[in-house]
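Each chain, letter by letter, is given below.
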Amino acid sequence: MTEYTKEILIQNYTDPCPNCGFDLDGGDVYESLRKHYPDYTEEKAKDIASAYGWSEENKKRSSKKVGIYDIDSDATIFYACPKCKAVFK
Ligand SMILES: [Zn+2]
């Protein structure tokens with residue numbers, strides 16, 4: 001069974017969609033947290049960001065790609081572009 005889930009994908013992925021060229025860069029993880037949760041302290045946002053592998057030396061970025069998760073293999077098997085719905089690896 002395959003489920004379509006939207007997840008936060010953290011992987012320094014800044015390439016555009018291979019099909020339509022849509023910008024898939026979701027921005028700096030820490031900056032995104034600060035923007036979406038303005039009540040978080042700097043320390044708390046950095047703490048959460050570090051759980052995604054973000055650090056001052058390695059400022060990871062999130063992706064807007066939609067993960068297509070396969071429940072049988074318990075893994076994300078494909079990704080899709082949120083704009084044109086193209087599926088790619
Ligand atoms: Zn696209």
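Shown above is the structure to which this text applies.
Small disclaimer: the values here were computed from a predicted structure and weren't measured.

**Student:** Can you break down the packing of aromatic side chains residue by residue, with the values?
**Tutor:** Evaluated as defined, the whole model comprises 2 aromatic pairs. When the ring of tyrosine 37 is compared with that of tyrosine 40, the centres are 4.8 Å apart and the planes differ by 10 degrees; the resulting orientation is stacked. Here the guanidinium or amino end of lysine 46 rests over the ring plane of tyrosine 30, the centre of that ring lying 5.6 Å away. We note lysine 65 situated over the ring of tyrosine 79; from NZ or CZ to the ring centre the distance is 3.9 Å.

**Student:** Any chance you could break down the coordination of the zinc ion for me, citing the residues and the numbers?
**Tutor:** Protein ligation of the zinc ion involves Cys17 (SG), Cys20 (SG), Cys81 (SG) and Cys84 (SG), the donor distances falling in the range 2.3 to 2.4 Å. The site at the zinc ion holds 4 donor atoms, and with the angles between them running 103 to 114 degrees, its shape is tetrahedral. For the zinc ion, the donor residues sit on a single chain with the sequence spacing C-x2-C-x60-C-x2-C. Assessed through its relative accessible area of 4%, cysteine 17 is described here as buried.

**Student:** I'd like to hear about the pattern of salt bridges, residue by residue, with values.
**Tutor:** Enumeration over the complete set of coordinates arrives at 4 salt bridges. Between aspartate 25 and arginine 61 there is a salt bridge, with the nearest N and O atoms lying 2.9 Å from each other. With aspartate 25 in strand E3 (residues 25-28) and arginine 61 in strand E4 (residues 61-63), this pair connects stretches of sequence that are 36 residues apart. On the basis of relative accessible area, arginine 61 is assigned to the partly exposed category, the value being 28%.

Rules behind the numbers
- Residues numbered from 1 in each chain as written.
- Predicted model: local features only at pLDDT ≥ 70, side-chain atom pairs only at ≥ 80, totals over all residues.
- Heavy atoms only, no water.
- Phe/Tyr/Trp six-rings, centres within 6.5 Å; stacked < 30°, edge-to-face > 60°.
- Lys NZ or Arg CZ within 6 Å of the ring centre and 35° of its normal.
- Donors = N, O, S within 2.8 Å, 3.2 Å for Na, K, Ca; no water.
- Tetrahedral: all angles 85-135°; square planar, octahedral: opposite > 155°, others 65-115°.
- Buried < 20%, exposed > 50% of the residue type's maximum accessible area, 1.4 Å probe, protein only.
- Salt bridge = Lys/Arg side-chain N within 4 Å of Asp/Glu carboxyl O.
- Helix = DSSP H or I, 4+ residues; strand = E, 2+ residues; numbered from the N terminus.

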